[in-house]
Amino acid sequence: MTTKPAASDPLQLPLPLDRQSALGLVEQVVAALGALIDSGRLHPGERLPSIRQFARQQGVSNATIVEAYERLVASGMLIARRGSGFFIAKREAAQRSGMPPLRPNPVIDSAWLFSEVFADERVPIKAGCGWLPSSMLDGEGLHAAERRILRSPGAQQVGYGHPFGYGPLRQTIAKSFANWALEIAPHQVVTTHGVTQALDLIMRTLVKPGDTVFIEEPGYCNLIAMLRLAAINVVGVPRTVSGVDLEALEQLATLHKPKIFFTNPVLQNPTGTSYTPACAMRVLQAAERHGFWVVEDDLYRELAQATDPMLAALDGLQRVIYVSGFSKTIAPSLRLGFIVCQSDLAQELARTKMILSLTNSEITERLVYNALTEGHHRRHVERLAGTLLSAQAQVSARLEDAGLLPFGPLRGGMFYWARMQDSTLSATEIADRALAQGIWLAPGEFFHVAPPSHPWFRFNVAFSDLPKLSDFFSKLSQGPSGSN
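What counts, and where the lines are drawn
Residues numbered from 1 in each chain as written. Predicted model: local features only at pLDDT ≥ 70, side-chain atom pairs only at ≥ 80, totals over all residues. Heavy atoms only, no water. Helix = DSSP H or I, 4+ residues; strand = E, 2+ residues; numbered from the N terminus. Buried < 20%, exposed > 50% of the residue type's maximum accessible area, 1.4 Å probe, protein only. Contact = heavy atoms within 4.5 Å. Pairing = 2+ DSSP bridges. Axes fitted to C-alpha atoms, helices over the stretch in contact; angles between N-to-C directions. 1 Å grid on protein atoms, 1.4 Å probe; cavity = no way out; pocket = protein on both sides within 12 Å on 5 of 7 lines; lining within 4 Å. Points joined across faces, edges and corners; volume = space filled by probe spheres on them. Nonpolar A, V, L, I, M, F, W, Y, C, P; charged D, E, K, R; others polar. Polar contact = N/O pair within 3.5 Å; in protein donor to acceptor, adjacent residues only side chain to side chain.

Moving on: the overall build of the protein chain. When its secondary structure is counted, the protein chain shows 17 helices and 14 strands. Across the 484 residues of the protein chain, 51% fall into the buried class. Of the contacts made within the protein chain by residues no fewer than 6 positions apart, 71% connect residues no fewer than 24 positions apart.

In structure tokens:
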């Protein structure tokens, strides 16, 4: 048996470690070894030097190499064999990206949207997605918040959190409602694992299978799927440019006796429209007359105009349950939302939360608290709102020139809702054609209880100001000769 000469072993060479770098030595060792593995210089089954030997070669402590090896084991790049050492793991292509194998030719449908969209990186133009690019998010604030977390005592980071959520964060949220002349106590605030869980907790606490709830049509696609999964009768109330169709709401409430009306009054997903003050008051009057709860999904409030009405403030939280979160202004990876409501209902919701998922991650809650109180979050949100309003205007101009008809006037926020005017194709058929050209669209069928009569699409303005997207619709508008 022959062995490779020591000089040919890449690990005999010093790794590119910089002791002046802000990145720790452990992170640098992990990154350098990972690069050697990904480049093929280290092969599956190859044994790494012992911890002591490698530490001596690189001029670092044994503890540094121990932690680096363990992180690589945890990531699946190394295998630890008791008594034998550490070996390069066999890795398939899907494992390298941390993704399971995806369908070779994805079809735009609700199943793909809910199960694969966040992992499928093969579609370069994500015009239909529901998140913001990282460049628009509060990365600076999040990094500052992380540094504060790292400086805090370890004992504050290892236990379960409070059932209602981290106290200082709930206090900060409660104080923020003073901007709308609404006095909130911290015990009226319950944190959740994102806005989606907030809606789920409300549904599970207040509604049982067979009950009827109202949603807006078009409305939040995840909510439609969630309610159907729970065997709840879902009735759509038409969304209008100024809010909702008030006559339809009155007639449907008389007929169906709903338990809840789920509504997204400001910068609605998907239409981007907002309630007028008159619409807001009449919705609350209908709720009082017919005895249903109003769940105000206010996720986009920070991006809205100061004059846009808040149902919770107008109602004083008598019939309104308020829901919001931080995924659109800080980072979606934090998955932190909250509910604000009457005190007794907050206790019920906290009990439901504990049954289903126990507490939130207090580390995540502390991160959000730090980001909110660091001192620059408000300025970040102001810049973001301006950036999105400008992007919305540019996307609107492109798509209208390409033959699309907008739903309503521009209000800012993330979304632009428009339809093809004279197409014989459904929105799903158009989305399939777009996907073949590397464009991901979100067809209107996803956002409706019943299929719409026209091919509507939701566009994320942060991803849609692209010539290839508008060219696709221009050719489609020209008919068969231009649709190939």
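Moving on from the model shown.
Before going further, it helps to spend a moment on the sheet that holds strand E9 (residues 320–325). Strand order across the open sheet formed by eight strands is E3-E10-E9-E8-E7-E4-E5-E6, with mixed pairing between neighbours. Here the strands that pair on one side only, and so sit at the sheet edges, are strand E3 (189–192) and strand E6 (243–244). Helix-sheet contacts for helix H13 (residues 343–357) involve E3, strand E8 (293–297), E9 and strand E10 (337–340), and the interaxial angle to E3 is about 25°.

To continue, consider unusual backbone geometry. With glycine set apart, most residues show a phi of negative sign, and most peptide bonds adopt trans. Here the amide bond leading from Glu217 into Pro218 is cis, since omega sits at 0°, within 30 degrees of zero. Its location among the elements puts Pro218 in the loop between strand E4 (212–217) and helix H9 (221–229). With an omega dihedral of 25°, the bond running from Asn269 to Pro270 counts as a cis peptide bond. Topologically, Pro270 is positioned in the loop between strand E7 (260–263) and helix H11 (277–290). Of note in this structure, Ala231 is not a glycine but carries a positive phi near 60°. Assignment of secondary structure puts Ala231 in the loop between H9 and strand E5 (233–240). Non-glycine residue Lys257 carries a positive phi angle of around 50°.

So, about empty space enclosed by the protein. Evaluation of the coordinates by the stated rule reveals two cavities of 30 Å³ or more. Approximately 90 Å³ is the volume found for the largest cavity. Along its surface, the largest cavity is lined by Leu199, Ile215, Glu216, Gly219, Tyr220, Leu223, Phe262, Thr263, Asn264, Asn269, Val295 and Asp297. Those elements that place two or more of their residues in the lining of the largest cavity are E4, E7 and E8. Residues of the lining of the largest cavity, tallied by class, amount to six nonpolar, four polar and two charged. Put simply, the second largest cavity is a space of about 70 Å³. Along the walls of the second largest cavity sit Thr271, Gly272, Thr273, Gln392, Pro406, Phe407, Gly408, Pro409, Leu410, Phe415, Tyr416 and Trp417, which together make up its complete lining. At three residues, the largest contribution of residues to the lining of the second largest cavity is made by strand E12 (residues 415–420). Tallied by class, residues from the lining of the second largest cavity come to seven nonpolar, five polar and no charged.

What follows concerns the side chain of Asn460. With respect to the helices and strands, the residue Asn460 is situated in strand E14 (residues 456–460). A polar atom in the side chain of Asn460 sits 3.0 Å from the backbone nitrogen of Ala462. Apart from residues lying up to four places away in sequence, Asn460 is in contact with Ala127, Cys129, Gly130, Trp131, Met414 and Phe415.

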